[in-house]
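# Fold and contact review
Spelled out, the chains give:
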Amino acid sequence: MKYIVSMKWLLARMFEPDLVIVDCRFTLGQPETGRQGYKEGHIPRAVYLDLDKDLSSPLSSHGGRHPLPDMNVFSGKLGHAGIDKDKRVVIYDDQSGMVASRLWWMLKYTGHQNVYIMDQGFSAWKNASYPMTAETPVVIPVRYEPEIQQTMLVDVEDVIQAINNGSAYLIDSREQRRYEGVEEPIDPVAGHIPGAVNYFWKELLNEQGRWISIEEILQRFHDVPKDKDVIVYCGSGVSACPNVLALEEAGFKDVKLYGGSWSDWISYPENPVAGRKK
């Protein structure tokens, strides 16, 4: 696979000077858990980036629960973490790759080409008795120059236009019960964007918590058309990113993230909702 590397791959290269390792563990609803876990132990040389504080901007009336940050501010944080375009970046989390994929997407969106996710995550690394440390690495700051890839991102107006003219295939990455509107544990409105098809992101993992193979990914997305744009969303623009990554692994060229996702969509009362339980 192009973007997924094994724990053994990282173990063999973890001290190479052009490699930056990023820990972005984060537990929704318990925002300090990830950073605390990092302080207690992490992969040697790993720096920490926080979903709420580094990979999102503060909440506002629109934009969803995890709005994308200002990319110049984000780029400053990347530089402070020692990341520039000459570095290879390997990201891990303990959330089945969900948060790691968000950072992967953001780096790709700002023009970085050499970004990877470590398969399985931190607990698997720890259970394998691979090296760990509680020491925070000394990082020499660098300058990160963003080159925004505008075609990777869409907003609410783009989605409305795509629905109206049928120009894009819309994928909802949440679990089926949320997609169907049977239950909604997080957002104030249940249901999905009209016309969206459900591909729960966790189906990208096998029973051992590893990413499925390219062949299995191709089979999973067999019905997704390759001749039109694909717009992917979730609840807040985080768990959609594993699906974006997998679609790109499978060779889809025009894959776009709806950054605000469902939580942004329902912040506009006039937007239609499908599948809501009456």
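Structural data are supplied above this passage.
Structural notes, computed from the coordinates.

## Let's talk about the overall build of the chain
Check the secondary structure of the chain and you find 10 helices and 10 strands. For the chain, whose C-alpha radius of gyration is 18 Å, the value lies close to the compact-globule estimate of 19 Å for 278 residues. Across its three principal directions, the C-alpha atoms of the chain cover 50 × 40 × 35 Å. Across the 278 residues that make up the chain, the buried fraction comes to 53%. Within the chain, contacts between residues separated by at least 24 positions form 76% of all contacts whose residues are at least 6 apart in sequence. Approximately 12700 Å² of the chain is accessible, and the part contributed by carbon and sulfur atoms is 49%. Averaging the locations of the 30 positively and 38 negatively charged side chains of the chain gives two centres separated by 2 Å.

## With respect to helix α2 (residues 33-40)
If you check which residues of α2 are buried, you get G34, G37 and Y38. The arc that holds every buried residue of α2, seen down its axis, measures 100°, which confines them to one face. Opposite the packed face of α2, turned more than 90 degrees from it, sit the exposed residues K39 and E40. Contacts made by the buried residues of α2 are with β2 (19-23) and β3 (47-48).

## Observations regarding the sheet that holds strand β8 (residues 197-198)
Read from one edge to the other, the open sheet built from 5 strands follows the order β6-β10-β9-β7-β8, with strand pairing classed as parallel. Strands at the two margins of the open sheet, each flanked by one partner only, are β6 (153-154) and β8. Where strand β7 (residues 168-172) lies against β8, 2 bridges are found, and the strand directions are parallel. Paired with D172 across the bridge in β8 is N198. Here helix α6 (residues 156-165) sits on the sheet in contact with β6, β7, β9 (229-233) and β10 (255-258), set at roughly 120° to β7.

Rules behind the numbers
Residues numbered from 1 in each chain as written. Predicted model: local features only at pLDDT ≥ 70, side-chain atom pairs only at ≥ 80, totals over all residues. Heavy atoms only, no water. Helix = DSSP H or I, 4+ residues; strand = E, 2+ residues; numbered from the N terminus. Rg over C-alpha atoms; globule rule 2.2 N^0.38 Å. Buried < 20%, exposed > 50% of the residue type's maximum accessible area, 1.4 Å probe, protein only. Contact = heavy atoms within 4.5 Å. Areas by Shrake-Rupley, 256 points an atom, 1.4 Å probe, with all protein chains shown as cover. Lys, Arg positive; Asp, Glu negative; His and termini not counted. Charge placed at Lys NZ, Arg CZ, Asp CG, Glu CD. Arc of directions from axis to C-beta. Pairing = 2+ DSSP bridges. Axes fitted to C-alpha atoms, helices over the stretch in contact; angles between N-to-C directions.

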